[in-house]
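# Geometric and topological summary
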Amino acid sequence: MKSRIHLRGVKLAWAVCAIQGLISLSAALIVTFYVDAQAAKAALYGGCVAILPTLYLALRVYFRGKDRRPEDVPGSFYRGEAGKFVLTALMFLFGVQFFGEQFLPLLCTYMACIAAFPVVMLTARID
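This section reports on the structure supplied with the text. (Residues numbered from 1 in each chain as written. Predicted model: local features only at pLDDT ≥ 70, side-chain atom pairs only at ≥ 80, totals over all residues. Heavy atoms only, no water.)

## Observations regarding the side chain of glutamine 20
For glutamine 20, the location among the structural elements is in helix H1 (residues 10-34). Ignoring any residue separated from it by four or fewer positions in sequence, one finds glutamine 20 in contact with Ala50, Ile51, Thr54, Cys113, Ile114, Ala116 and Phe117. (Helix = DSSP H or I, 4+ residues; strand = E, 2+ residues; numbered from the N terminus. Contact = heavy atoms within 4.5 Å.)

## Structural notes on the nonpolar core
One finds Ala42, Tyr45, Val49, Ala50, Met91, Phe92, Phe99, Leu106, Tyr110 and Cys113 forming the largest nonpolar core, which totals ten residues. Looking at this core, the elements with two or more residues in it are helix H2 (37-62), helix H3 (73-98) and helix H4 (103-114). Among the elements that take part in this core, H2 stands out by supplying four residues, more than any other. When sequence neighbours within four positions are dropped, the list of residues in contact with tyrosine 110 reads Gly46, Val49, Ala50, Thr88 and Phe92. Val31, Ala39, Ala40 and Ala43 belong to the second largest nonpolar core, which has five residues in total. (Core = buried A, V, L, I, M, F, W, Y, C linked by side-chain atoms within 4.5 Å. Buried < 20%, exposed > 50% of the residue type's maximum accessible area, 1.4 Å probe, protein only.)

Printed below as a string of structure tokens:
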């Protein structure tokens, strides 16, 4: 059996963000080659739409005080997910405003980055 990377807690979030960053950079390079620089900027922004809300959620959930009680954990997840949803929506609105002509690379890169979640979950051993 293959050995798997052991991930737990915030390391799991960093792994997802790292994979999303690689996907974003790869998409931007491909789009630059086949389309143009403005579409590549849209692709990079699509990656940011996936990465920044993920980082926000990780910071809300994992970087709380040491005095946090166990009953506070679900609330931090709910608030983090709500903030992630709002941040994603706002970033998409901004993306439509500034990258309306190149929205397809933005959306495709975002969807590819979102696919990083199950990839990391399937390839990592979560302790």
